[in-house]
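# Coordinates in review
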Number of protein chains: 2
Amino acid sequence: MMTEYRPFVPPERTLMGPGPSDVSPQVLNAMCRSTVGHLDPEFIKLMDDTKRLLQYAFQTANPLTMPISAPGSAGMEACFVNLVEPGDKVIVCINGVFGQRMAENVVRCQATPILVEDPWGTQTDPDKVEQALKAHPDAKILAFVHAETSTGVRNDAKALCALARQYHCLTIMDAVTSLGGIEVDIDGWQVDAAYSGSQKCLSCVPGLSPVTFSQRAVELIQNRKTPVQSWFLDMNLIVGYWGQGGKRAYHHTAPVNSIYALYESLRILHAEGLAASWQRHHRCHQKLVNGLAAIGLDMAVDEHYRLPQLNSVLVPENINEAEIRQRLLNEFNLEIGAGLGKLAGRVWRIGLMGYGCSDKNVDYCLSSLSTVMN
Amino acid sequence: MMTEYRPFVPPERTLMGPGPSDVSPQVLNAMCRSTVGHLDPEFIKLMDDTKRLLQYAFQTANPLTMPISAPGSAGMEACFVNLVEPGDKVIVCINGVFGQRMAENVVRCQATPILVEDPWGTQTDPDKVEQALKAHPDAKILAFVHAETSTGVRNDAKALCALARQYHCLTIMDAVTSLGGIEVDIDGWQVDAAYSGSQKCLSCVPGLSPVTFSQRAVELIQNRKTPVQSWFLDMNLIVGYWGQGGKRAYHHTAPVNSIYALYESLRILHAEGLAASWQRHHRCHQKLVNGLAAIGLDMAVDEHYRLPQLNSVLVPENINEAEIRQRLLNEFNLEIGAGLGKLAGRVWRIGLMGYGCSDKNVDYCLSSLSTVMN
């Protein structure tokens, strides 16, 4: 007997976890338009516009700004495999899952990670970073996470970049959860390489990772002593397809429809304006925090370095956190996130990202939470 | 003054190049349904069904069968970085662009490729492969391309796999353009690792690469002496998310909507049946070949090993091949492919893949070509 497979009709969730966030219907509609070839002249124009919009979002004039055709973890890997060579020293700031993942990437490049560790839920301490920079004058790169999705902490990107330059290091910054939700100023802070994700504050579908590389980073990549260990992520090759100029050489088949979606999500961000988007994230965050306090729930992260788009909420004693999430999902079609790594079981993570960062979602989350907690 | 960005409305092309192929409206509709979380229980059920359908398409019982969250080039890299270690010898059959790319992957794994080269447009010669296997008894893997998209040649996968086993080699097979269009029999041929692409005969949107690994391959991966150089493509980690069993651990955020699309495209293939799909590809191919002959165009590849889904057509003398393609695109919204690498300027590549492999497309292509050639 032949198995029957039925069409998949997903439930209509409200996505308030750590991502993917709610995708705007406008983005979904853009994505399902007819596929064109990855070398079609109309698609190449779209690629150019997408690059310009990414430069806007990242606040950079870097010509090498484009989406990697894979999720944020691949964007992270693209930054490390292109900039790091075997034997290099890389200072990695760790105060959550994604800092750890950076260190793992350094090891896989046969380089040495110098770890600067701070407790999960607190900021990376710039003093410790400076000590590490002093202790390792041969370090080539300082790597850190701007918005730690696993904890809800904002690291001080501007200060860390200034330190890196003072000690002649390049910087790699994880901007997966920050881009579009809080200020990201690639050129102002002089970040050398950054990667983001489509599915956080851009509210696009998951699967793409915008990246940007400074001129210093490009020179370093061009002057490597060893080949980039990944063929798929080798920027020397990718630039032939995504780079400037008329002729686009085939490297891999771009995820055409996902680029439609990314373009549309960036178009929405551009129309709203970066500052307005940051302000909206801040305002909804305040409303959420106040509402949570009213039902007796405390935030896990100090307000001075708390992310508006990723809210870590302390699970009260004697509460089965998994059961609460399950009930929100089953009874309210509402997804919030569990704690990750060291914070598993201790916090919930409530995302207010992009399209999903709205009064409507805050109200719904507070009302649903308060119902299931009673 | 602020730049204005307008919605992108793609032209309605007929895609008869080397891929992406025409995507079924049914697949596009499935893709733009509401995004759910990548750990949502409903999504996890969809992952399981997608794996089962991929096992059907690959004709395998391999538990480790799943889509890589990136295009075919990343699927290729996933096979090489997981199976190859520094210092290994890998025999690579080259008779087109994608065999070359395989050799490039071997080099980036710090291993040694042993090249078995045949002229572009002809088959890999099993005798030469056997000589290489005899000359290199320490070779660990035999790698070859089943359907060379750059030339339109089908290599004899069954014979090559039999040789590999005879000489105690594992096999890596590129099935990017073959899967769904001609017979692919992973278990029957005892292929150890294979990768495909979503945008060829599956007629899904570009961006995903289905892969499958045999038990022998899994054991080899589990017993590596060195870590997999790619964190993103490390099957030891990916299996925690896509593997068997109840608990799914976060590795990266899956491209949720693209998986909706892949599932739908596989559902369509399953409903038609593999044999019926292969037959349809064969029938449309014959019709195309006959029609091309009638307008004086010859095939570049011998009929004994010609791919039905990728037709390399010789460009007649004194014809500007690029101008013909341009006119087809501009006047008929019809995309056919240029020659790639050594065949650039010498052939056109006409794809008949999946949903785009239809009488309607063959008729349209023949009529448009005959108009612009006159």
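Residues numbered from 1 in each chain as written. Chains lettered and ligands numbered in written order. Predicted model: local features only at pLDDT ≥ 70, side-chain atom pairs only at ≥ 80, totals over all residues. Heavy atoms only, no water.

## Re the overall build of chain A
The condition is simple: Starting at the N terminus, helices and strands are each numbered in turn, a helix being any DSSP run of H or I of at least four residues and a strand any DSSP run of E of at least two. We compute the radius of gyration from the C-alpha atoms alone; for a globule the expected value is 2.2 Å times N to the 0.38, where N is the number of residues. In this description, contact between two residues means that some pair of their heavy atoms is separated by no more than 4.5 Å. Areas reported here follow the Shrake-Rupley algorithm with a probe of radius 1.4 Å; residue values treat only the protein chains shown as occluding. When charges are counted, Lys and Arg are positive and Asp and Glu negative, with His and the chain ends excluded. Here the site of a charge means NZ on Lys, CZ on Arg, CG on Asp, or CD on Glu.
Secondary structure assignment for chain A yields 13 helices and 13 strands. Taken over C-alpha atoms, the radius of gyration comes to 21 Å for chain A, in line with the 21 Å a tight globule of 374 residues would show. Seen through its principal axes, chain A has C-alpha atoms that stretch 60 × 55 × 50 Å. Put simply, 72% of the contacts in chain A that link residues at least 6 apart link residues at least 24 apart. Carbon and sulfur atoms make up 49% of the accessible area of chain A, which amounts to about 13,100 Å² in all. Of the side-chain charges in chain A, 32 are positive and 38 negative, and the distance between the mean point of each set is 3 Å.

## So, the state of the cysteines
In protein chemistry, a disulfide is the covalent bond that joins the sulfur atoms of two cysteines. The condition is simple: Put simply, a disulfide is two cysteine sulfurs that come within 2.5 Å. Partly exposed describes any residue whose relative accessible area lies between the buried limit of under 20% and the exposed limit of over 50%, with all areas from a 1.4 Å probe on protein chains only and scaled to the type maximum.
Within this structure, the stated rule accounts for zero disulfides over all chains. No disulfide involves A:Cys32; its sulfur sits 3.3 Å from the nearest other cysteine sulfur, which is in B:Cys32. The exposure class assigned to A:Cys32 is buried, which follows from its relative accessible area of 19%. Unpaired in terms of disulfides, B:Cys109 finds its nearest cysteine sulfur in B:Cys79, a separation of 11 Å. Classification of B:Cys109 as buried rests on a relative accessible area of 2%.

## Observations regarding the pairing of strand β8 (residues 170-174) of chain B
Residues and elements named next belong to chain B. Note the cut-off: Should DSSP find at least two bridges between two strands, the strands are taken to pair.
Burial runs high along β8: five of the five residues are buried. Taking every second residue as pointing to the same face, both faces of β8 are buried, with Leu170, Ile172 and Asp174 on one and Thr171 and Met173 on the other. Sheet topology note: the strand β5 (residues 141-145)/β8 ladder contains five bridges and is parallel. Residue Phe144 lies in a different strand from β8, and its bridge partner there is Met173. With three bridges joining them, β8 and strand β9 (residues 193-195) adopt parallel strand pairing. Across the sheet, the residue bridging to Met173 is Ala194, located in β9.

## Details of the sheet that holds strand β11 (residues 310-314) of chain B
All names here are of chain B. For clarity, the cut-off: The axes are straight lines fitted to the C-alpha atoms, using for helices just the contacting stretch, and the angles between their N-to-C directions are given from 0 to 180°.
Taken in spatial order, the four strands line up as β1-β12-β13-β11 in an open sheet, and their pairing is mixed. At either margin of the open sheet sits one strand with a lone partner, and together these are β1 (14-16) and β11. Neighbour to neighbour, the strand axes of the sheet diverge by 35° on average, direction disregarded. In terms of strand pairing, β11 meets strand β13 (residues 347-351) through five bridges, oriented antiparallel. The residue of β13 that forms the bridge with Val313 is Trp348. Across the sheet, helix α12 (residues 321-332) is in contact with β12 (334-338) and β13; its angle to β12 comes to roughly 160°. In the packing of helix α13 (residues 359-373) onto the sheet, the strands contacted are β1, β12 and β13, and the crossing angle to β1 comes to about 85°.

## Considerations on helix α11 (residues 274-294) of chain A
Residues and elements named next belong to chain A. Counted only if it meets this: Take the number of residues in a helix, subtract one, and multiply by 1.5 Å to get its expected span. In this description, the arc belongs to the directions extending from the helix axis to the C-beta atoms.
Here α11 is 21 residues long and its end C-alpha atoms lie 31 Å apart, about the 30 Å a rise of 1.5 Å per residue gives. Turning to α11, its buried residues are Leu274, Ser277, Trp278, Arg280, His281, Cys284, His285, Leu288, Val289, Gly291 and Leu292. Buried residues of α11 fall within an arc of 165° about the axis and therefore sit on the same side. Pointing more than 90 degrees away from the buried face of α11 are the exposed residues Ala275, Gln279, Asn290 and Ala294.

## Observations regarding the domain arrangement of chain A
Residues and elements named next belong to chain A. We apply this condition: A domain assignment, automatic or from a database, supplies the domain bounds used here. By definition, the buried area sums, over both parts, the 1.4 Å-probe accessible area that each loses when the two are put together. Any Lys or Arg side-chain nitrogen located within 4 Å of an Asp or Glu carboxyl oxygen qualifies as a salt bridge. In protein, a polar contact means a hydrogen-donor-capable atom and an acceptor-capable atom, both N or O and within 3.5 Å, with residues adjacent in sequence counting only if both atoms are side-chain atoms; elsewhere, any N or O pair within 3.5 Å suffices. Ten residue types, Ala, Val, Leu, Ile, Met, Phe, Trp, Tyr, Cys and Pro, are classed as nonpolar, four, Asp, Glu, Lys and Arg, as charged, and the remainder, Gly among them, as polar.
Considered domain by domain, chain A is made up of domain 1 (14-20 + 273-373) and domain 2 (25-270). Distance between the C-alpha centres of domain 1 and domain 2: 26 Å. Contact residues are listed per partner, giving 26 residues for domain 1 and 31 residues for domain 2. Summed over both sides, the interface of domain 1 with domain 2 buries roughly 2,400 Å², with 63% coming from carbon and sulfur. Area buried by domain 1 at its contact with domain 2 is led by Leu274, Trp278 and Tyr305, which between them contribute 28% of it. The tally of links from domain 1 across to domain 2 stands at zero salt bridges. Inspection of the domain 1/domain 2 interface yields 14 residue pairs in polar contact (both at pLDDT 80 or more). At the level of elements, α11 and β11 (310-314) are the ones that each hand at least two residues to the side of domain 1 that touches domain 2. The greatest single-element share of the side of domain 1 that touches domain 2, amounting to four residues, is contributed by α11. When grouped by side-chain class, the residues that make up the side of domain 1 that touches domain 2 number 13 nonpolar, 10 polar and three charged.

## Quick notes on the side chain of A:Asp185
Residues and elements named next belong to chain A. Checked against the element boundaries, Asp185 lands in the loop between β8 (170-174) and α7 (186-189). Of the side chains bearing the opposite charge, Lys158 lies closest to the buried Asp185, which forms no salt bridge; the N-O distance is 7.1 Å. A distance of 2.9 Å separates the side chain of Asp185 from the backbone nitrogen of Gly188, its partner in a polar contact. Setting aside residues up to four positions removed in sequence, Asp185 forms contacts with Phe58, Gln59 and Gln190.

## What to know about the pattern of salt bridges
One pass over the structure, following the stated rule, counts 34 salt bridges over all chains. Here B:Arg248 makes a salt bridge to B:Asp48, at a shortest N to O gap of 2.6 Å. Linking B:Arg248 in the loop between α9 (235-242) and α10 (256-272) with B:Asp48 in helix α2 (residues 41-58), this pair joins segments that are 200 residues apart in sequence. Classification of B:Asp48 as partly exposed rests on a relative accessible area of 25%. Overlapping salt bridges, with partners in common, bring together A:Arg283, A:Lys287, A:Asp359 and A:Asp363 in one network.

## Focus on the environment of A:Ser150
All names here are of chain A. Turning to its location among the elements, Ser150 is positioned in the loop between β6 (147-148) and β7 (153-154). When the C-alpha positions of Ser150 and Pro18 are compared, they lie 8.0 Å apart, and in sequence the two are 132 residues distant. Not counting chain neighbours up to four residues away, the residues in contact with Ser150 comprise Gly96, Val97, Phe98, Trp120, Leu340, Leu343 and Arg349. Within the structure, the side chain of Ser150 is placed 3.0 Å from the backbone nitrogen of Val97, a separation counted as a polar contact. There is a polar contact of 2.7 Å between the side chain of Ser150 and the side chain of Glu148.

## As for the relation of the copies chain B and chain A
The relation between the two chain copies is a rotation about an axis coupled with a shift along that axis. For clarity, the threshold we go by: Here the copies are superposed with least squares, the fitted atoms being C-alpha atoms of residues at a pLDDT of at least 70 in both.
In the superposition of chain B on chain A (RMSD 0.0 Å, axial shift 0.0 Å), the rotation amounts to 180°. What the rotation and shift describe, once combined, is the action of a two-fold rotation axis. Judged by C-alpha distance, B:Ala70 is the residue of chain B that lies nearest the rotation axis, at 2.5 Å.

## Here's the deal with the side chain of A:Asp174
Residues and elements named next belong to chain A. Within the secondary structure, Asp174 is located in strand β8. Although Asp174 is buried, it forms no salt bridge, and the closest oppositely charged side chain is Arg101 at an N-O distance of 7.8 Å. Within the structure, Asp174 has its side chain in polar contact with the side chain of Tyr195 (distance 2.9 Å). With sequence-adjacent residues up to four places away left out, Asp174 is seen in contact with Met76, Phe98, Met102, Phe144, Val145, His146, Ala147 and Tyr195.

## Points about the sheet that holds strand β13 (residues 347-351) of chain A
All names here are of chain A. The strand order across the open sheet built from four strands is β1-β12-β13-β11, with neighbouring strands paired in mixed fashion. Of all the strands in the sheet, just β1 (14-16) and β11 have a single pairing partner and so form its edges. Taking the axes of each pair of neighbouring strands and ignoring which way they run, one obtains an average angle of 35° across the sheet. Pairing of β1 with strand β12 (residues 334-338), which is carried by three bridges, proceeds in the parallel orientation. Each residue of the ladder has a partner; that of Thr14, found in β12, is Leu334. Contacts from helix α12 (residues 321-332) reach β12 and β13, with the element oriented near 160° to β12.

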